[in-house]
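# Residue-level structure breakdown
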Amino acid sequence: MSITYEQALYSHDGTEFDGLVAYKPEASQKKLDTVVVFPDAMGQGVMPKAKITALAEIGYLGFAADLFGVGIRDVPMSDVSKYARPLLGNQSLLRARALAAVAKAKSHPLCSGRVVVIGYASRHDRFL
């Protein structure tokens with residue numbers, strides 16, 4: 001099954017982020033319900049891409065959010081605290097970055113306006 005991927009650049013408070021969108025090309029003729037996937041502490045990379053691919057395969061517009069910034073992908077365990085700690089220590093910053101990702105997903109031309117979020121870290125249930 002073919003999946004189309006698109007880069008989705010967005011920013012918040014001077015920091016650039018690099019989201020990733022996935023959908024089936026044959027679904028691009030209609031508006032799609034959207035699922036925003038927030039990464040675990042390793043950041044955007046292999047796991048979020050796999051999740052949005054699976055979502056696209058069943059007819060959703062998948063959006064992998066970036067919470068760390070452009071170029072920070074698949075963070076090694078030894079560096080996780082360097083990127084995650086500032087966000088976990090500042091709930092309002094984490095929330096603002098999350099809402100920027102949701103806004104970017106909602107602005108996609110294929111987004112129906114119906115958006116849900118899922119996350120893979122212990123703190124994601126607290127910021128939206």
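Residues numbered from 1 in each chain as written. Predicted model: local features only at pLDDT ≥ 70, side-chain atom pairs only at ≥ 80, totals over all residues. Heavy atoms only, no water.

Take helix 1 (residues 46-57) next. Between the first and last C-alpha of helix 1 there are 17 Å, a value that for twelve residues agrees with the 16 Å anticipated at 1.5 Å per step. Residues of helix 1 that are buried include every one of Pro-48, Ile-52, Thr-53, Leu-55 and Ala-56, and no others. The buried residues of helix 1 occupy an angular sector of 165° when projected down its axis, which confines them to one face. Among the structural elements, strand 1 (4-12), strand 2 (15-23), strand 3 (32-38), strand 4 (61-64) and strand 5 (111-119) are those in contact with the buried residues of helix 1. (Helix = DSSP H or I, 4+ residues; strand = E, 2+ residues; numbered from the N terminus. Expected span 1.5 Å × (residues − 1). Buried < 20%, exposed > 50% of the residue type's maximum accessible area, 1.4 Å probe, protein only. Arc of directions from axis to C-beta. Contact = heavy atoms within 4.5 Å.)

Note: strands within a sheet are paired through backbone hydrogen bonds, in either parallel or antiparallel orientation. The mixed open sheet is built from five strands, whose spatial order is 1-2-4-3-5. This sheet does not close on itself; its edge strands, each paired only once, are strand 1 and strand 5. The sheet shows a mean angle of 25° between the axes of neighbouring strands, taken without regard to direction. Where strand 1 and strand 2 come together, nine bridges link them in antiparallel fashion. Across the sheet, the residue bridging to His-12 is Thr-15, located in strand 2. Packing of helix 1 onto the sheet brings it into contact with strand 1, strand 2, strand 3, strand 4 and strand 5, and relative to strand 2 it is tilted by some 35°. Its contacts with the sheet put helix 3 (residues 91-106) on strand 1, strand 2, strand 3, strand 4 and strand 5, and the angle it makes with strand 1 is roughly 135°. (Pairing = 2+ DSSP bridges. Axes fitted to C-alpha atoms, helices over the stretch in contact; angles between N-to-C directions.)

Another aspect to go through is helix 3. In this model helix 3 runs 22 Å from its N-terminal to its C-terminal C-alpha over 16 residues, within 8% of the 22 Å that 1.5 Å per residue would give. Among the residues of helix 3, those classed as buried are Leu-94, Arg-97, Ala-98, Ala-100, Ala-101, Val-102 and Ala-105.

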